[in-house]
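Descriptive analysis of the structure
Below, each chain spelled out in residue letters.
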Amino acid sequence: MIIYKPTTQNSLTEFVDSLAEDEQDICSHFLSKLYVRQKSDKDGTKNEFGFVYLKMEYIQNLHGQSFIDCILPRLMEEQLILRDPNFVASDYSTHKKSHSMSYKIAPHLLGDKWTLSEATPQIKRRASRKVADLTTRELRTYKREEKKIQKIRHHIIKNLSLDDDYNDSPHAQNPRECMFAAKVGAGEIRVSISEVTGRLYTPITTLLGDLREHILLAGEKTCILDIKSSQPFLLYAHITDCEEQTKYQIWLDNDFYATLEHNGARPTSKDRVKDLFCYWLGGCSDANSGGINDVMKKHFPVFYKQHMKKRRANYKYLSLELSNLEAKIMIDTVLLGNMNLPLLTIHDACICRESDKMEVFQLIRDAFFKHVGRIPRICEETADSKVELVA
């Protein structure tokens, strides 16, 4: 049973604090998801009145039946969140869990201090910490991340432009690509960092590959430097057994994905070995990873045992750890550590001026060696092929 502390809930923070400790995480997570979707510009997530569509099945699976029975009605009773009265005529509790509902945070609370901190789901509440201390810590983290985003955004606006041939490309006539050119010209660049993977997202991230050759940095032509087999390379940092490290190095020095296939990985007409390896990192079942699980178990048993132990706690842990490590290297070390150079990052790749190519090449090598203990193979990516660079 949920016990509420006697308090007047004038804000989301006060409401969450009034809950029992074991229910604070659940409520915070729900409100943060609702807040992020309510503020999103993505089509199909909300109606014209700002109400966010949510399935009762989703709410039940993620937050539990006790949340639906006790916390959700209290949130509406306090008028902290609102339900669209026109969306479902009868009371929500009479509906099957597969039915959808629509909610939104009360408009007067969107400026609440809570929204600044709780919009970062990876910062979880801990029962052993005081709420006041945690809120301060969350706000500090939020401001630090926001400062980083603004710094990157100004860096992009300052250096990014497009050459005269961009508009002549057939793909540049697509609505999204036309909008990209307009936003670059107007200096309206949106930048975000994923709260889960740590990856940086800018308009360039989704730009078609054949249009990236038209990107200029500080008015000069650019090139793209890409880490070869970056996810397998980053996995090297998790292999601790000396014999397995030596074998894994040999696999990396050769074609890693071809070696996987030679040792039993089974590509399909739909998925390459590279795709299957990513599925395996993401915690897919053995049946859907094309034999990757059996290959890793056979050739790297010590690592595999450690991996399976951690995977039981969080089946996606390895994929998330590698993505966050990649972001730490490419964003914090390469990009933010060298703001004097006009360069941009796209996950495991880096866009730089042709004249800065070898300098950035060395910066990437040094950054990966610092964090992984090994120097990666780096290729220059063109429209037709990839050419490996040599120091």
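Rules behind the numbers
- Residues numbered from 1 in each chain as written.
- Predicted model: local features only at pLDDT ≥ 70, side-chain atom pairs only at ≥ 80, totals over all residues.
- Heavy atoms only, no water.
- Helix = DSSP H or I, 4+ residues; strand = E, 2+ residues; numbered from the N terminus.
- Contact = heavy atoms within 4.5 Å.
- Expected span 1.5 Å × (residues − 1).
- Buried < 20%, exposed > 50% of the residue type's maximum accessible area, 1.4 Å probe, protein only.
- Arc of directions from axis to C-beta.
- Pairing = 2+ DSSP bridges.
- 1 Å grid on protein atoms, 1.4 Å probe; cavity = no way out; pocket = protein on both sides within 12 Å on 5 of 7 lines; lining within 4 Å.
- Points joined across faces, edges and corners; volume = space filled by probe spheres on them.
- Nonpolar A, V, L, I, M, F, W, Y, C, P; charged D, E, K, R; others polar.
- Axes fitted to C-alpha atoms, helices over the stretch in contact; angles between N-to-C directions.
- Parallel < 35°, antiparallel > 145°, perpendicular 65-115°, else oblique.
- Left-handed = near helix turned anticlockwise from the far one by under 90°.
- Salt bridge = Lys/Arg side-chain N within 4 Å of Asp/Glu carboxyl O.
- pLDDT = per-residue confidence, 0-100.
- Phe/Tyr/Trp six-rings, centres within 6.5 Å; stacked < 30°, edge-to-face > 60°.
- Lys NZ or Arg CZ within 6 Å of the ring centre and 35° of its normal.

When you line up the elements, Ser289 lands in the loop between α11 (273–281) and α12 (292–299). Discounting chain neighbours no more than four positions away, the residues touching Ser289 are Leu276 and Trp280.

What follows deals with helix α7 (residues 175–186). In an α-helix, one turn spans 3.6 residues; hence positions three or four apart end up facing the same way. Along its 12 residues, α7 runs 16 Å from first to last C-alpha, staying within 8% of the 16 Å computed at 1.5 Å per residue. Buried within α7 we find Glu177, Phe180 and Val184. All buried residues of α7 fall inside an arc of 50° around its axis, so they share one side. Pointing more than 90 degrees away from the buried face of α7 are the exposed residues Pro175, Gly185 and Ala186.

Looking now at the pairing of strand β11 (residues 378–381). Pairing between strand β8 (residues 220–227) and β11: four bridges, direction antiparallel. Looking at the pairing, Asp226 lines up with Cys379 of β11. By the bridge criterion, three bridges tie β11 to strand β12 (residues 386–388) in an arrangement that is antiparallel. Bridge pairing links Cys379 to Glu388 in β12.

Now for the layout of surface pockets. The volume enclosed by the second largest pocket comes to roughly 540 Å³. Residue lining of the second largest pocket: 20 residues in total, with Ser230, Gln231, Tyr257, Lys274 and Asp348 positioned closest to the centre. Elements represented by at least two residues in the lining of the second largest pocket include exactly β8, α8 (230–235), α11, α14 (317–335) and β11. For the lining of the second largest pocket, the per-class residue count stands at five nonpolar, six polar and nine charged.

A separate point is the packing of α14 against helix α15 (residues 357–372). Running from N to C, α14 and α15 cross one another at 135°; their axes reach a closest spacing of 10 Å. Accordingly, the angle class assigned to the pair α14 and α15 is oblique. Relative to α15, the crossing made by α14 is right-handed. Here Leu325, Lys328, Ile329, Met330, Thr333 and Val334 of α14 come into contact with α15, specifically with Ile364, Ala367, Phe368, His371 and Val372. Class assignment for the residues of the contact of α14 with α15 results in eight nonpolar, two polar and one charged.

Once that is clear, we can look at the pattern of salt bridges. One pass over the full model with this rule turns up 10 salt bridges. A salt bridge links Asp275 to Arg272, with the shortest nitrogen-to-oxygen separation between them at 3.4 Å. In this structure, Glu381 engages Lys386 in a salt bridge whose closest nitrogen and oxygen atoms are separated by 4.0 Å. Owing to a relative accessible area of 28%, Glu381 belongs among the partly exposed residues under this scheme. Taken together, the salt bridges that share partners define one network made up of Glu220, Arg353 and Asp356.

What follows is about the confidence of the model for the protein chain. Predicted confidence across the protein chain gives a mean pLDDT of 77, with 77% of residues reaching 70 or more. Here residues 1–9 is modelled with pLDDT under 50, and outside its nearest four sequence neighbours on either side it reaches 24 contacts, counting other chains as well. The low-confidence segment residues 88–99, where pLDDT is below 50, has 25 contacts with residues more than four positions distant or belonging to other chains.

What follows concerns the packing of aromatic side chains. This structure, assessed with the given rule, holds 12 aromatic pairs. Judged by centre distance (5.4 Å) and plane angle (70°), the rings of Tyr248 and Phe300 are edge-to-face. Highlighted residues: Tyr248 in helix α9 (residues 242–253) and Phe300 in the loop between α12 and α13 (301–313), separated in sequence by 52 residues. As far as burial versus exposure is concerned, Tyr248 and Phe300 are alike and both buried. Above the plane of the ring of Tyr236 lies Arg374, whose end atom (NZ or CZ) is 5.9 Å from the centre.

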